[in-house]
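# Analysis of the macromolecular model
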There are 2 protein chains.
Amino acid sequence: MGMETSIEGSRREATGTQCIQRSFAIVRLLAGGDCDGEKLVDIAGSLKLSHPTAHRILKALEQEGIVERASGTQRYRLAAETAWLGVAPFNRCPITRLAVPTLEDLAQKTGDSIFLSVPSHNDSVYADRRFGNFPLQAQRIKVGARRPLGVSIGGRVMLGFMGEERLANTMRQNAERFADWHCSDATVLAGVEAARAQGYLSEDSLIDPGRHVLAVPVRDVVGRAVGAISIIAPTARLKGERASRLLPLLRAGARDVAQALGRQRMSA
Amino acid sequence: MGMETSIEGSRREATGTQCIQRSFAIVRLLAGGDCDGEKLVDIAGSLKLSHPTAHRILKALEQEGIVERASGTQRYRLAAETAWLGVAPFNRCPITRLAVPTLEDLAQKTGDSIFLSVPSHNDSVYADRRFGNFPLQAQRIKVGARRPLGVSIGGRVMLGFMGEERLANTMRQNAERFADWHCSDATVLAGVEAARAQGYLSEDSLIDPGRHVLAVPVRDVVGRAVGAISIIAPTARLKGERASRLLPLLRAGARDVAQALGRQRMSA
DNA sequence: ACGCGATTTTCCGCGATGTGGAAGATTTTT
DNA sequence: AAAAATCTTCCACATCGCGGAAAATCGCGT
């Protein structure tokens, strides 16, 4: 476990439905967990819910088929069937399907870890990943894992190309959550600016000291970011001359994915 | 709109959380809708919710980024970001990704409409579809659309290979909903039996008179159905000699997908 | 295998939270 | 432009969800 995904993240005029907020906070929390699942106490702890409350909601989610118990244990994880709730929107923008060959190609050519991130509400999500042959790979970052949008390098790159309004909204709504990830407003904004200026972002990994990240945006026809491709490798492998050799590769990959997406739009 | 997805479908000892049931009933309802979205009245009507209640829940879902308004209009549909809630479970069983080549191949070879269905809780979901070149295609069936498991032909085939226990559970929990789709317990069970006996099922389409359906299961290593591939075409095109020529094609397709899934498991 | 601490689950009275009728905006149709 | 339909806000009520406490269960260590 670990990640503090406080439920207060989206500070709203509480009018509405408390338990819907709580339910989806749980769903989002589980969305990032690995398939071993999370313990009730941890879920309750992270979201600052009482144990009975967390239990009751999880039970309801289980009845709805959204959540299941990892076989044997009584740990909770997202049910396989949750995947199918999103098929319709997914098919409207099947970026992960279209990106597969590109990601594999990049992983093979660079030998390092390649990630595809997508924006999701106020989070960035790792939508897919491929590993290369180099011994040290970023295994710790799971597909489905979420960060407040702006925390991960890929997230900052995306924020840079999602419009002023959304940038402002996200910064406001994620303000409190950034602290949990040891990064400030200023750091995030600096990254966003750099991404806008250069068209990419290169920074040390926050969660994984000794690793470096290089990220480029995937932009749709209008220029809006719909994702980001990033490469993660030991710092030594991503500095200086090699970095400048890798950058065009990443950019070409991002362009390919964008084009595949554009073609898709036509036929749908 | 149309489909009556009564919230009472899963008659439960109501203790728990009413509004979670309602929220996900709405999400499931929208999951099947096309990208034009659904009107508030229709949503409220289908689920027998008061307008203010439906409105309040939808507003909450919108704040959570689960639901959005179709551009311009004020109709509700699932937000693109919903797709990313399910990426982790999806990557545990990426059947739709792996099935793409097979579906395309089948559509191209047969010229008709090919569908991939997956089981999701008490529903079957159309997870993907491909059209062939023949003029009449099953355009009305949208990707993401849901039926009570057992209503669609693909659903019956899957039910046949999901174990006695699940079959019994599903039959019990879907009993009331079958009526909405003009099919009885007996019809469903007959189909299930036939599917078990033959390894496939061939029946007239219920929702689309004049069309016929031929479906085969996609089974995992243990033999459990994880999906179904079906072909839909005007009845004349799916009878007699042509049907027996198509069946092996479908079966081969299902086997290919199953094998791809098996290979996937290894590497994960 | 046994026992003890940690975790999950049930119970239940309180009250905050969600509810739906009715009325007021807004959009769409005629 | 008027009318109909739909969407949204308001508000008083009571239902539904809340969380403290206790019971049942799990699982870890010896």
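Keep in mind the model is a prediction, meaning the values are calculated, not measured. (Residues numbered from 1 in each chain as written. Chains lettered and ligands numbered in written order. Predicted model: local features only at pLDDT ≥ 70, side-chain atom pairs only at ≥ 80, totals over all residues. Heavy atoms only, no water.)

### A few points about the UniProt feature "domain: IclR-ED" (unreviewed entry) in chain A
Counted only if it meets this: UniProt positions are given in the numbering used here, feature names are shortened, and annotations may be inferred rather than shown by experiment. Note on conventions: DSSP H or I runs of at least 4 residues are helices, E runs of at least 2 residues are strands, and numbering of each starts at the N terminus.
Taking the UniProt record as the reference, the feature "domain: IclR-ED" (unreviewed entry) is found at residues 81-263 of chain A. With 46% helix and 23% strand, residues 81-263 of chain A has its two end C-alpha atoms placed 29 Å apart.

### Observations regarding the relation of the copies chain A and chain B
For the record, the criterion: The copies were overlaid by least squares, fitting only the C-alpha atoms of residues that reach a pLDDT of 70 or more in each copy. Note on contacts: a residue pair is in contact if any heavy atoms of the two residues lie within 4.5 Å.
For the pair chain A and chain B, the superposition axis carries a translation of 0.0 Å, the fit reaches an RMSD of 0.1 Å, and the rotation angle comes to 180°. Here the copies are linked by what is in effect a two-fold axis. Interface residue correspondence from chain A to chain B reaches 98%, placing this contact among same-surface, isologous pairings.

### Notes on the packing of aromatic side chains
Each aromatic ring pair is summarised here by two numbers: the centre-to-centre distance and the angle between the ring planes. The test is simple: Paired rings are identified among Phe, Tyr and Trp, the last through its six-membered ring, by centres lying within 6.5 Å, and are further divided according to the angle between planes into stacked (under 30 degrees), edge-to-face (over 60) and tilted (the rest). Each residue gets one of three labels from its accessible area relative to the maximum for its type: buried under 20%, exposed over 50%, partly exposed in between, using a 1.4 Å probe on protein chains only.
Enumeration over the complete set of coordinates arrives at 6 aromatic pairs over all chains. With a centroid separation of 5.3 Å and an interplanar angle of 65°, the aromatic rings of Phe115 of chain A and Tyr126 of chain A are classed as edge-to-face. Here Phe115 of chain A is found in strand S3 (residues 113-120), whereas its partner Tyr126 of chain A is found in strand S4 (residues 123-130), with 11 residues between them in sequence. A single burial state applies to Phe115 of chain A and to Tyr126 of chain A, both of which are buried. Ring pairs connect the aromatic residues Trp84 and Phe90 of chain A together with Trp84 and Phe90 of chain B, which therefore count as one cluster.

### Focus on the domain arrangement of chain A
So the rule is basically this: Domain start and stop points were drawn from an automatic or database domain assignment.
Domain parsing of chain A yields domain 1 (7-86) and domain 2 (93-267). On a C-alpha basis, the centroid separation for the pair domain 1 of chain A and domain 2 of chain A is 27 Å.

### Section: the state of the cysteines
Using the following cut-off: The term disulfide is used for any two cysteine sulfur atoms that are within 2.5 Å.
Enumeration according to the criterion identifies 1 disulfide over all chains in this entry. Across a sulfur-sulfur distance of 2.1 Å, Cys19 of chain A and Cys19 of chain B are joined as a disulfide pair. Judged by the sign of its S-S torsion, about 60°, the bond between Cys19 of chain A and Cys19 of chain B is right-handed. Here Cys19 of chain A, found in helix H1 (residues 18-32), pairs with Cys19 of chain B, found in helix H1 (residues 18-32), and the two come from separate chains. Since its relative accessible area comes to 18%, Cys19 of chain B is described here as buried.

### Some remarks on the protein's contact with DNA strand D
Let me state the cut-off plainly: Whether a residue is near a molecule or strand depends on its heavy atoms: if one lies within 4 Å, it is near. The term polar contact refers here to a pair of N or O atoms within 3.5 Å; inside protein, the definition further demands a hydrogen-donor-capable atom paired with an acceptor-capable atom, and it admits residues adjacent in sequence only when both atoms are side-chain atoms. Lys, Arg, Asp and Glu make up the charged group, whereas Ala, Val, Leu, Ile, Met, Phe, Trp, Tyr, Cys and Pro make up the nonpolar group; the residues left over, Gly among them, are polar.
Lining the immediate surroundings of DNA strand D are 21 residues, of which Thr53 and Arg56 of chain A together with Gln18, Val41 and Arg69 of chain B lie closest. Looking at DNA strand D alone, sugar and phosphate atoms form 81% of those within 4 Å of the protein. At 3.1 Å from a phosphate oxygen of DNA strand D is found a main-chain nitrogen or oxygen belonging to Leu40 of chain B. Here a phosphate oxygen of DNA strand D and a side-chain polar atom of Lys59 of chain B are 3.4 Å apart. Elements supplying a minimum of two residues to the surface near DNA strand D: H1 and helix H3 (51-63) of chain A together with H1, helix H2 (40-47) and helix H3 (51-63) of chain B. Looking at the surface near DNA strand D, its residues break down into 7 nonpolar, 9 polar and 5 charged.

### Some words on the protein's contact with DNA strand C
Residues in contact with DNA strand C amount to 21 residues; listed here are only the nearest, Gln18 and Val41 of chain A together with Arg22, Thr53 and Arg56 of chain B. Counted by atom, the contact set of DNA strand C within 4 Å of the protein is 76% sugar and phosphate. In this structure, a phosphate oxygen belonging to DNA strand C sits 3.0 Å away from a main-chain N or O atom of Cys19 of chain A. Contact between DNA strand C and His55 of chain A: a phosphate oxygen at 3.2 Å from a side-chain N or O atom of the residue.

### Some remarks on the interface of chain A and chain B
Keep this limit in mind: By salt bridge we mean one thing: a side-chain nitrogen of Lys or Arg within 4 Å of a carboxyl oxygen of Asp or Glu.
Tallying the contact residues gives 56 residues for chain A and 55 residues for chain B. Our count for the chain A to chain B interface comes out at 8 salt bridges. Measuring nitrogen to oxygen at the nearest pair gives 2.9 Å for the salt bridge that ties Arg28 of chain B to Glu64 of chain A. Linking chain A with chain B are 15 residue pairs in polar contact (both at pLDDT 80 or more). It is H1 of chain A that provides the largest number of residues to the side of chain A that touches chain B, a total of 8 residues. Each residue belonging to the side of chain A that touches chain B can be placed in one class, and the counts come to 29 nonpolar, 14 polar and 13 charged.

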